[in-house]
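Commentary on secondary and tertiary structure
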Amino acid sequence: MQSQDSTLHIIFGTMTGNSEDLANRLAGRCKNEGIAHTICSAEEWPLERFSEVRRVILIFSTWGDGEPPDDAIDFCESLYDQKAEVAHLDYMVIGLGDTSYDDFCGCARRLDEALEAGGAKRMSQRLDLDIDFDKDFDAWTESFIAGELALQRL
Ligand SMILES: Cc1cc2nc3c(=O)[nH]c(=O)nc-3n(C[C@H](O)[C@H](O)[C@H](O)COP(=O)(O)O)c2cc1C
């Protein structure tokens, strides 16, 4: 049964905590503004849960040489391999990475491409963040929250 509700589901994949911190920051802003949301790590998100939700934001770092964080490998490979039903989703991907690596934000890019290939609809273009991510993330967050509040007023 697919949900038509507007709850924002924030899913993060992290190795050293940066993506989780940003996910928590976004969740905190949602809470302050009364925007319905949940937050969950990739490893705790069963693929079947996608069928119960509509709006997701994925916040994922990249490791190795373009690889997902260790705890998020199963989640990411399942999406890369089109093993989850995602066509009903509205989504956005935020990548954390480091431009000194060849495959900058490779994990986030592959997730974004896999969701698009699965028929999901982008709410917004992917945001790829370099190591000094705070300013760009905060600017994106404020613009996103403003958009959410405008939607609520419709
Ligand atoms: C060993 C190692 C490999 C990395 N590989 C990549 C990479 O291939 N591409 C990239 O964009 N960033 C890469 N990074 C940078 C991380 O993605 C970045 O530090 C990120 O902020 C970590 O977020 P996290 O704490 O949520 O895992 C790498 C970092 C390390 C230490």
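What counts and what doesn't
- Residues numbered from 1 in each chain as written.
- Predicted model: local features only at pLDDT ≥ 70, side-chain atom pairs only at ≥ 80, totals over all residues.
- Pairing = 2+ DSSP bridges.
- Helix = DSSP H or I, 4+ residues; strand = E, 2+ residues; numbered from the N terminus.
- Right-handed = clockwise from strand over helix to strand, strands pointing away.
- UniProt positions renumbered as here; feature names shortened; annotations may be inferred.
- Buried ≥ 20, exposed ≤ 12 C-beta atoms within 10 Å, placed from the backbone.

The protein chain has the name Flavodoxin domain-containing protein in an unreviewed UniProt entry, where Ruficoccus amylovorans is given as its organism.

Focus: the pairing of strand β2 (residues 37-41)
Here strand β1 (residues 8-13) pairs with β2 via 5 bridges, running parallel. Opposite H9, over in β2, you have T38 as the bridge partner. This β-α-β element, β1 to helix α1 (residues 18-33) to β2, shows right-handed connectivity.

Quick look at the UniProt feature "domain: Flavodoxin-like" (unreviewed entry) in the protein chain
Per the UniProt record, "domain: Flavodoxin-like" (unreviewed entry) is annotated on residues 8-145. In residues 8-145, helix accounts for 35% and strand for 22%; the two terminal C-alpha atoms are 11 Å from one another.

Observations concerning the pairing of strand β4 (residues 90-96)
Counting buried positions over the 7 residues of β4 gives 6, a clear majority of the element. Here 7 bridges tie strand β3 (residues 55-61) to β4, and the two strands are oriented parallel to one another. Within the sheet, the bridge partner assigned to I57 lies in β4 and is M92. At this point the chain moves from β3, through helix α2 (residues 73-80), to the parallel β4, and the crossover so formed is right-handed. Regarding topology, helix α3 (residues 106-117) serves as the crossover connection from β4 to the parallel strand β5 (residues 121-122), and that connection is right-handed. Judged from the 3 bridges that link them, β4 and strand β6 (residues 127-129) form a sheet pairing that is parallel. Bridging across to β6, L96 finds its partner in L129.

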